[in-house]
Amino acid sequence: MDNTFLPGTVRQRLADLMKIRKVSQTDLALKIGCGTPAYQADLATIENQFMSTVREVKKEIGNDFTVQRTRTSLFAISLRLH
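Residues numbered from 1 in each chain as written. Predicted model: local features only at pLDDT ≥ 70, side-chain atom pairs only at ≥ 80, totals over all residues. Heavy atoms only, no water.

The next thing to look at is the overall build of the protein chain. Within the protein chain, the secondary structure is distributed over four helices and zero strands. The linear arrangement of helices and strands in the protein chain, starting from the amino end, is α-α-α-α. Counting only carbon and sulfur atoms, one obtains 60% of the accessible surface of the protein chain, whose full area is about 8,100 Å². (Helix = DSSP H or I, 4+ residues; strand = E, 2+ residues; numbered from the N terminus. Areas by Shrake-Rupley, 256 points an atom, 1.4 Å probe, with all protein chains shown as cover.)

In structure tokens, the structure reads:
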């Protein structure tokens, strides 16, 4: 039976082995040295980049919204005049 291959994909065979041995995907990743699962690292990277961009925008705008309010008011007035 050593040279006999079972039908199915590698993914299915791994899933079967993980189920039989009661090993989660995270545990398997840690055992083979992957550390953080790839999808988790991608989510963390996206979140960090997004929050960095939000901080930059906040710095540019600052806490004073009077200029933005004035521009919005002037725009609304100009719409009424036309």
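Throughout the structure, instances matching the rule amount to one salt bridge. Residue Arg13 is joined to Asp16 by a salt bridge in which the shortest nitrogen-to-oxygen separation is 2.5 Å. Within this pair, Arg13 and its partner Asp16 are both found in helix α1 (residues 10–21), separated by three residues, close to a single helical turn. Judged by relative accessible area, Asp16 falls into the partly exposed class, the value being 35%. (Salt bridge = Lys/Arg side-chain N within 4 Å of Asp/Glu carboxyl O. Buried < 20%, exposed > 50% of the residue type's maximum accessible area, 1.4 Å probe, protein only.)

All right, on to the layout of surface pockets then. The method is simple in principle: a probe with the dimensions of a water molecule rolls over the atoms, and the space it marks as empty is what remains. Approximately 160 Å³ is the volume found for the largest pocket. Taken together, Arg11, Leu14, Ala15, Met18, Gln25 and Leu28 make up the lining of the largest pocket. If you list the elements that add at least two residues to the lining of the largest pocket, you get α1 and α2 (25–31). With four residues, the top contributor of residues to the lining of the largest pocket is α1. Its residues assigned to classes, the lining of the largest pocket shows four nonpolar, one polar and one charged. (1 Å grid on protein atoms, 1.4 Å probe; cavity = no way out; pocket = protein on both sides within 12 Å on 5 of 7 lines; lining within 4 Å. Points joined across faces, edges and corners; volume = space filled by probe spheres on them. Nonpolar A, V, L, I, M, F, W, Y, C, P; charged D, E, K, R; others polar.)

Any link to function would need more than the numbers given here.
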